[in-house]
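Residue-level structure breakdown
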Amino acid sequence: MIRSLFIASSGMKAQQLHLDVIANNLANVNTTGFKKSRVDFQSLFYESLQRPAAFTEGGFNRFAVQVGTGVRVAATPTEFNSGIIEQTGNDLDLAIEGRGFFMVELPSGEVGFTRNGSFRLDGEGCIVNGDGHRLLSTEGNVSPENSLSVAGEELSYIKPDTDALTVSIGTDGTILTEKDISDPPVLTLAWFTNPGGLQAVGSTTYTATVACGESKVAQAGTESLGLIRAGFLEESNVQIVDEMVRMIMAQRAYEISSKSIQTSDDMMGITNNLKR
């Protein structure tokens, strides 16, 4: 009976975390560039009460008797499939149609990767995101104070010609203005062999880890990277109906585990009352 109590409690703990992930997905249903997460479960080790044998003294095969010890959350991977792209009309709102991440400089000095393309100009004329983190590119035109690199390539800020009346960005990331510039800055994108290895740090931004595998930085539209759509933003990829179905399943699984605890407690009560 005691074993069943701990097994059922592990199921309740796992479903509680499952519900936390679902709640976070639903809370960010309107967050630009947000990528939903899911929960992967894994069974715990099994206790062998009897090991299998080819035959016994009576000449019969003996099968194993094993009892599982519960469940745990193995991982909460992020799903990087694209969300719906909506038009905003702002020339510095950018969406990636396909694979790729924008690169920004984080306060920690690391390079952050995001799909949130809501950008603007700061007081010095550099392109920044909503948190004030400057956009980075291998073909920028302003060198940062601290050296930043991805895939062995140095990164720099992008500063459009603020004297121009209009600033727009082409599908290949080229910064276009009314002035004819021979060598304009170009916005480049990053990608990883395993984007699921990225670590979320908040504000729909991720940092690279060793689990990401090989990284690459290239111009939009090359090396299987997507195109940049100016005047558009990528919405969250959360599907409310899917999350509601998962919520119902998590709730029912939690209830079933609680019923197991209640049943185990009732059986222990019956045992305690045998001598009455």
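Residues numbered from 1 in each chain as written. Predicted model: local features only at pLDDT ≥ 70, side-chain atom pairs only at ≥ 80, totals over all residues. Heavy atoms only, no water.

Thoughts on the layout of surface pockets
Counted as a void, the largest pocket has a volume near 210 Å³. The set of elements that each furnish at least two residues to the lining of the largest pocket consists of helix H1 (2-27), strand E18 (199-202) and strand E19 (205-207). The biggest single contributor to the lining of the largest pocket is E18, with three residues. Residue classes in the lining of the largest pocket are distributed as five nonpolar, eight polar and one charged. (1 Å grid on protein atoms, 1.4 Å probe; cavity = no way out; pocket = protein on both sides within 12 Å on 5 of 7 lines; lining within 4 Å. Points joined across faces, edges and corners; volume = space filled by probe spheres on them. Helix = DSSP H or I, 4+ residues; strand = E, 2+ residues; numbered from the N terminus. Nonpolar A, V, L, I, M, F, W, Y, C, P; charged D, E, K, R; others polar.)

Details of the pattern of salt bridges
Under the counting rule described, the total for this entry stands at 11 salt bridges. Two residues, Arg229 and Glu97, come together in a salt bridge whose shortest N-O distance is 2.5 Å. Here Arg229 is found in strand E21 (residues 227-230), whereas its partner Glu97 is found in strand E6 (residues 94-97), with 132 residues between them in sequence. According to the relative accessible area criterion, Arg229 is partly exposed, its value standing at 30%. Each of Lys36, Arg38, Asp40 and Glu79 takes part in a single network of salt bridges with overlapping partners. (Salt bridge = Lys/Arg side-chain N within 4 Å of Asp/Glu carboxyl O. Buried < 20%, exposed > 50% of the residue type's maximum accessible area, 1.4 Å probe, protein only.)

With respect to the environment of Ser43
Along the polypeptide, Ser43 turns up in strand E1 (residues 40-43). A relative accessible area of 46% means that Ser43 is categorised as partly exposed. Discounting chain neighbours no more than four positions away, the residues touching Ser43 are Gly70 and Val71. (Contact = heavy atoms within 4.5 Å.)

Quick notes on the side chain of Asn28
Tracing the backbone shows Asn28 in the loop between H1 and E1. Owing to a relative accessible area of 17%, Asn28 belongs among the buried residues under this scheme. Excluding residues that lie within four positions of it along the chain, Asn28 makes contacts with Phe34 and Ser236.

Concerning the packing of aromatic side chains
For the coordinates displayed, the defined rule picks out six aromatic pairs. For the ring pair Phe80 and Phe101, a centre distance of 5.5 Å and an interplane angle of 85° mean the geometry is edge-to-face. Of the two residues, Phe80 is situated in the loop between strand E4 (71-75) and strand E5 (85-87) and Phe101 in the loop between E6 and strand E7 (102-105); the sequence distance between them amounts to 21 residues. Like Phe101, Phe80 is buried. Ring centres 5.5 Å apart and planes at 15° place the aromatic pair Phe101 and Trp191 in the stacked group. (Phe/Tyr/Trp six-rings, centres within 6.5 Å; stacked < 30°, edge-to-face > 60°.)

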